[in-house]
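A closer look at the structure
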Amino acid sequence: MVHMCYRKDWSWFEQQYKQYEDRTKMEKPGKSGDFSLTLKNPANRDTGTYSCTVYDSRSDRFLTKKEVLLNVKAGADSFIIAIDFGSGYSGYAFNVKPRGETQIKRWSKELGLDTPKTPTCILFDEHEEFLKFGYEAKTAFINMRREEAEKHYFFENFKRRILNTDDWRMVIPAANKKLMLILKVFTEVLRFLKDDALKTIRDHPAGGEFAASDFTWVLTVPDVLKDFTKHFMTEAATQAGLVTEETKDRLMLVSESEAALTWCLKLPSDGSITQNHSRDSQDQSPGAADADRSCNDPAGSQEVEPEETSVLLETRRDGKRYLVVDCGAYRSHFTVHEVLEGGALKKLNEAFSIYWGGNDVDIKFKNFLEKIFSDGVWDDYEQIFPNEVQKMMDDFTRLKQVDEDVEISCPGNLVMLAQKKKEIKTFFDSVDGASWDDGVIRISRQKLRSFFDASLQRITEELRAILDKDPSIGDIVLVGALAESQILRQHITDQFGRRHKVLCPPGPQEAILKGAVELGRNPKLVASQKKGPAWFKCFSSDLF
């Protein structure tokens, strides 16, 4: 019940359901005998079918009944959950407080990591039933005995297969080569992230009891996306319970680069976005503010478009071009955008990517450890204690963010295996850039930088080619996990800082998620383009 109005002894009495308290107003019948109900400040959770019934209690009969479908557009007061499904790492952000701050789920505090994303890997049992996702999935699979692992299905680094699929029946191999439908794998990824998000929101101070239907769901996608892939992702989202056949218009697919730039341009001009001028100085870049909503119109429905808020981008940015560099785990993506009059973003080039990212840096580090612990020591260690190797790699994720000498603890089991061969200090005699110090491996700043050399060279080459082709580009914006690294940011500044501002938001790995929430509130921040809009509303249709 939304609002009830009745007359007793020639006086009118009213009751309101708690969810609609102080938001509904009943207009009493005039000469025509009609009632009307006004709903103020409509939000996403108000979407649905409303029945208006006029009942005569004296004669015990219905006088009239009318149904109206209300479909509320997403906007500044909407509830949003954004999911960034990445090649290496995935995560989600949400907003359940009108015009409040976007919240991002933090992962694996119990492992001492506290990261904004978790590895994109998923584990199923031998009956293809979902078990775990992310750090928990990776840890569980690594700790399995070989015969047990052979029965399970473990998938990682499968985003590219999803983007390239063109068949609903396509299967992908697990780590043990067992096959599973790719639609099922992706559906269970989304189902886990949906369920985890709703649980996180329930436990959040600003949360409460919410259902998936209360939210606009935003999925981030690459700038170039095939029509089949859009249908595929929409179907997976529907099967996972993010939306239903009737509410597919509450699902948005938004471009990763536009989401990242939207967030960067929203930041205030108080130093929240940094620009490196040289190795000894930092500066800031300007910023701005807010959001909007969207809907369908079947017969008998009413569209509600809540009040629009201020334009996100400052007008002094009109015509300015930005080169967004998304440095992810496995790939780096390059996209050029222009700010149009009024503040909307327009993509100017077909997004280009290269197979160089944070994972290559990790491989170089791991190869260096193998070089130090020679004579088969590292190979034995990887085989016998794979969970400890993963812990060292997780620790390196934090260490590679700095530009200085670093230390990493050497696990006791690695020391034990090394000592069986020879005195552990002697393993470091034949390598440059590393030394042993009472249970700690010290790696020099120069050696740490060398792990980045190949990735930085390829990223620099692509940047230079794009900038030479379009000299009107003003700023370079760095986002993604590898942009957390001071080494990357400083290198790009040294190479291009004289002609271009090199900008990086705080928490560059979070930029896409936070921008996706903003675009969920206000899709008009991106200009529609005939070849492929930056965001897509997913309407109900027969996909098969």
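Fair warning: this is a prediction, and the values are worked out from it, not measured in the lab.

When its secondary structure is counted, the protein shows 14 helices and 30 strands. Counting across all 544 residues of the protein, residues that qualify as buried make up 52%. Taking as baseline every contact in the protein between residues at least 6 positions apart, the subset at least 24 positions apart corresponds to 64%. Of the roughly 26100 Å² of accessible surface on the protein, 46% is carried by carbon and sulfur atoms.

Attention now moves to the packing of aromatic side chains. Applying the stated criterion to the full structure yields 26 aromatic pairs. Between the aromatic rings of Phe-210 and Phe-215, the centroid separation amounts to 5.4 Å while the plane-to-plane angle is 55°, which identifies the pairing as tilted. Where Phe-228 meets Phe-232, the ring centres are 6.5 Å apart and the plane angle is 35°; that geometry is what we call tilted. With Phe-228 and Phe-232 both in helix 5 (residues 227-239), this residue pair falls 4 residues apart, about one helical turn. On the basis of relative accessible area, Phe-232 is assigned to the buried category, the value being 0%. Grouping aromatic residues by their ring pairs yields a cluster made of Tyr-92, Trp-107, Phe-124, Phe-130, Phe-133, Phe-155 and Phe-192. Directly above the aromatic system of Tyr-355 lies the positively charged group of Arg-331, at a separation of 3.9 Å from the ring centroid.

With that settled, the discussion passes to helix 5. Taking 1.5 Å per residue as the helical rise, helix 5 with its 13 residues ought to reach 18 Å, and the 19 Å between its terminal C-alpha atoms agrees with that figure. Where burial is concerned, most of helix 5 is hidden: 10 out of the 13 residues are buried. Among the residues of helix 5, those classed as buried are Phe-228, Thr-229, Lys-230, Phe-232, Met-233, Thr-234, Glu-235, Ala-236, Ala-237 and Thr-238. Count one or two residues on from helix 5 and you reach Gly-241, which has phi positive near 90°.

Before going further, it helps to spend a moment on the confidence of the model for the protein. Residues with a pLDDT of 70 or more make up 76% of the protein, whose mean pLDDT is 82. Between residues 269-273, whose pLDDT stays under 50, and residues either more than four places distant or in other chains, the model counts 17 contacts. Confidence drops under a pLDDT of 50 for residues 276-316, and excluding neighbours within four residues, the segment shows 130 contacts in the predicted structure.

Our focus in this paragraph is helix 10 (residues 412-421). Those residues of helix 10 not exposed but buried are Leu-414, Val-415, Leu-417 and Ala-418. The buried residues of helix 10 all sit within an arc of 165° when viewed along its axis, so they share a single face. The outward face of helix 10, more than 90 degrees from its buried face, is lined by the exposed residues Gly-412 and Lys-420. For helix 10, the secondary structure elements touched by its buried residues are helix 8 (377-384) and strand 26 (434-436).

On to the pattern of salt bridges. In the structure shown here, the tally under the stated rule is 28 salt bridges. With a shortest N-O distance of 2.7 Å, Asp-196 and Lys-105 are connected by a salt bridge. Remark: Lys-105 occurs in the loop between strand 9 (103-104) and strand 10 (118-119) and Asp-196 occurs in helix 4 (residues 182-203); sequence separation between them is 91 residues. On the basis of relative accessibility, which here comes to 16%, the residue Asp-196 falls in the buried class. Given the relative accessible area of 17%, Lys-105 is considered buried. For Arg-321, the salt bridge is made with Asp-470, and the minimal N-O distance between the two is 3.0 Å. Separated by 149 residues along the polypeptide, Arg-321 in strand 21 (residues 321-327) and Asp-470 in the loop between helix 12 (453-469) and strand 28 (473-479) bring together distant segments of the chain. Arg-321 sits in the partly exposed class, given a relative accessible area of 23%. Bridged by salt links that share partners, the residues Arg-106, Asp-114, Glu-510 and Lys-514 form one connected network.

To continue, consider the sheet that holds strand 12 (residues 130-133). If you walk across this open sheet you meet the 3 strands as 12-11-13, and the pairing is antiparallel. The outermost strands of the open sheet, each flanked by one partner alone, are strand 12 and strand 13 (153-156). Pairwise comparison of adjacent strand axes, ignoring direction, gives a mean angle of 15° for this sheet. Bridging between strand 11 (residues 121-124) and strand 12 involves 3 bridges; their strand directions are antiparallel. Within strand 12, the position partnered with Phe-124 by the bridge is Phe-130. Running over the sheet, helix 4 touches strand 11, strand 12 and strand 13 and is turned about 105° from strand 11.

In this section: the nonpolar core. Ranked by internal contacts, the top residues of the largest apolar core, which has 55 residues, are Leu-323, Phe-373, Ile-441, Phe-451, Ile-459 and Leu-463. For Leu-323, the residues in contact, after removing those within four places along its chain, are Phe-334, Thr-335, Val-336, Leu-463, Ile-466, Leu-467, Ile-473, Asp-475, Ile-476 and Val-477. Counting 50 residues, the second-largest nonpolar core is a separate cluster that includes Trp-168, Val-185, Met-233 and Val-243.

Rules used in this analysis
- Every residue gets a number counted from 1 within its own chain, in the order that chain's sequence is written.
- Thresholds applied to this predicted model are a pLDDT of at least 70 for local features of residues and 80 or more for the giving and counting of side-chain atom pairs; totals over whole chains, interfaces and linings are not thresholded and use all residues.
- The basis for the side-chain values is all heavy atoms of the structure; hydrogens and waters are excluded.
- Helix and strand assignments come from DSSP, with helices taken as H or I runs of at least 4 residues and strands as E runs of at least 2, each series counted from the N terminus.
- Working definition: with a 1.4 Å probe on protein chains only, accessible area under 20% of the residue-type maximum means buried, over 50% means exposed, and in between means partly exposed.
- Contacts are assigned to residue pairs with any non-hydrogen atoms lying within 4.5 Å of each other.
- Surface accessibility follows the Shrake-Rupley procedure with a 1.4 Å probe radius. Residue values consider only the protein chains on display as shielding.
- Here a Phe, Tyr or Trp ring, Trp counted by its six-membered ring, pairs with any other such ring whose centre lies within 6.5 Å, and the pair is stacked when the planes are under 30 degrees apart, edge-to-face when over 60, and tilted otherwise.
- Counted as over-ring charges are cases with an Arg CZ or a Lys NZ within 6 Å of the ring centre that also lie within 35 degrees of the ring normal.
- By this rule the span expected of a helix is its residue count minus one, scaled by 1.5 Å.
- Known as pLDDT, the predictor's confidence for each residue is given on a scale from 0 to 100.
- Throughout, the arc means the angular range of directions from the helix axis out to the C-beta atoms.
- Salt-bridge detection follows one rule: a side-chain nitrogen of Lys or Arg within 4 Å of a carboxyl oxygen of Asp or Glu.
- By definition, two strands form a pair when at least two bridges between them are found by DSSP.
- Helix axes are fitted to C-alpha atoms over the stretch in contact, other axes to C-alpha atoms as well, and angles between N-to-C directions run from 0 to 180 degrees.
- Working definition of a nonpolar core: buried Ala, Val, Leu, Ile, Met, Phe, Trp, Tyr and Cys residues. They are joined through side-chain atoms within 4.5 Å.

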